[in-house]
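One-letter residues, chain by chain:
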Amino acid sequence: MDSFIQSHEATIRLAFFVGIFALMAIWEVRAPRRARTLTRLQRWTSNLGLVFLNTLVLRILFPAAAVGMALFTSAQGWGLLNVIDIPGWLAVLIAVVVLDFVVWVQHVLFHAVPALWRLHRVHHADLDYDLTTGARFHPIEIVLSMLIKFAAIAALGPPVVAVIIFEVILNGMAMFNHANVRLPLGVDRVLRWFVVTPDMHRVHHSIEDDETNSNFGFNLSWWDRLLGTYRDQPRAGHEGMTIGIRDHRDPRRVDRLDGMLALPFIGQVTDYAINRRRWEDQPPDARP
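Scope of this entry: the structure provided in the associated data block.

Within the protein chain one finds 14 helices and zero strands. Reading the protein chain from its N terminus to its C terminus gives the helix and strand order α-α-α-α-α-α-α-α-α-α-α-α-α-α. The C-alpha extent of the protein chain, read off along each of the three principal axes, is 60 × 40 × 35 Å. A total of 288 residues make up the protein chain; the buried ones form 51% of that total.

Right, dumping it as structure tokens:
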């Protein structure tokens, strides 16, 4: 099975991407959570154009990507999981969970470090929230994310199949929890004890700073609960909350490809999120 997955890695990833994208797109049409403010044509052209550009950049810079790094570390015997004797299935499970935590930490850092927040603003500046938001990242952030992933793989030494599984989960869950879909509240309440649901992650895309600085997870919901960054619901409710960044509301800048590419280089260097915990609808003496 492992050899089959490794031999057909690209096909497997593409099949899951297309299948999940189609499923979530249909779900968004049939049961949307929020009304759209912009047309799909306007946003999807830009967001998917950025996906295409990022894919091209990664293929040029890192042709073998994370799977190639896992193959290299395995051949060299690098990483913790290559030097301890545990069953293969356990190594896969540990690797997927640890890599998930690495992405959580990375996400927090992209909110905490001013230069990194400049890049990450491209993801948060989307004026609507749907499955294409989950793939909307500046090319420089994508390259830095890949380098962080390489470092984590080198330190951990995960099985190659674990990296493939993780990459499929990463892409699939990003589309799922960014989707503009309505889950029954009871189902959402149970699911979010284990994984990040669309309602849980949507809070993270609120215009309010304190809500933006919550729910950093992309797959497992444990990290936010354990480390104090979990927020149950937005104050204004999911239909009433405003998506995006307060100072970036012009669709020509934040929902066009040229504007997204330029966005990291606009504004002051101190304009980042995690040190701001105010919200506009509270009096000054009530703000933390």
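On we go.
Our next topic: the layout of surface pockets. Within this model, the largest pocket holds a volume of roughly 1,300 Å³. Around the largest pocket sit 46 residues that line it, and Arg13, Ile142, Lys149, Leu170 and Asn171 are the ones nearest its centre. Among the elements of the structure, helix H2 (9–30), helix H3 (40–61), helix H4 (65–76), helix H5 (88–112), helix H6 (114–124), helix H7 (139–156) and helix H8 (160–177) are those that each provide at least two residues to the lining of the largest pocket. Looking at the lining of the largest pocket residue by residue, the class counts come to 27 nonpolar, 13 polar and six charged.

Turning to a nonpolar patch on the surface, a few remarks are in order. Judged by side-chain polarity, Phe101, Val105, Leu109, Val113, Val190, Trp193, Phe194, Trp222, Leu226 and Leu227 come together as a nonpolar surface patch covering roughly 950 Å² of accessible area. Contributions of two or more residues to the nonpolar patch are made by H5 and helix H12 (222–227). On the basis of relative accessibility, which here comes to 33%, the residue Val113 falls in the partly exposed class.

With that settled, consider the side chain of His120. Secondary-structure assignment places His120 in helix H6. A distance of 3.3 Å separates polar atoms of two side chains, one belonging to His120 and the other to His124. For His120, the contacting residues outside a window of four places in its chain are His107, Phe110, His111, Phe137 and Glu141.

Reading the values: rules and limits
- Residues numbered from 1 in each chain as written.
- Predicted model: local features only at pLDDT ≥ 70, side-chain atom pairs only at ≥ 80, totals over all residues.
- Heavy atoms only, no water.
- Helix = DSSP H or I, 4+ residues; strand = E, 2+ residues; numbered from the N terminus.
- Buried < 20%, exposed > 50% of the residue type's maximum accessible area, 1.4 Å probe, protein only.
- 1 Å grid on protein atoms, 1.4 Å probe; cavity = no way out; pocket = protein on both sides within 12 Å on 5 of 7 lines; lining within 4 Å.
- Points joined across faces, edges and corners; volume = space filled by probe spheres on them.
- Nonpolar A, V, L, I, M, F, W, Y, C, P; charged D, E, K, R; others polar.
- Patch = residues over 30% accessible without salt bridge, like charges linked within 9 Å, V, L, I, M, F, W, Y side chains within 5 Å.
- Areas by Shrake-Rupley, 256 points an atom, 1.4 Å probe, with all protein chains shown as cover.
- Salt bridge = Lys/Arg side-chain N within 4 Å of Asp/Glu carboxyl O.
- Polar contact = N/O pair within 3.5 Å; in protein donor to acceptor, adjacent residues only side chain to side chain.
- Contact = heavy atoms within 4.5 Å.

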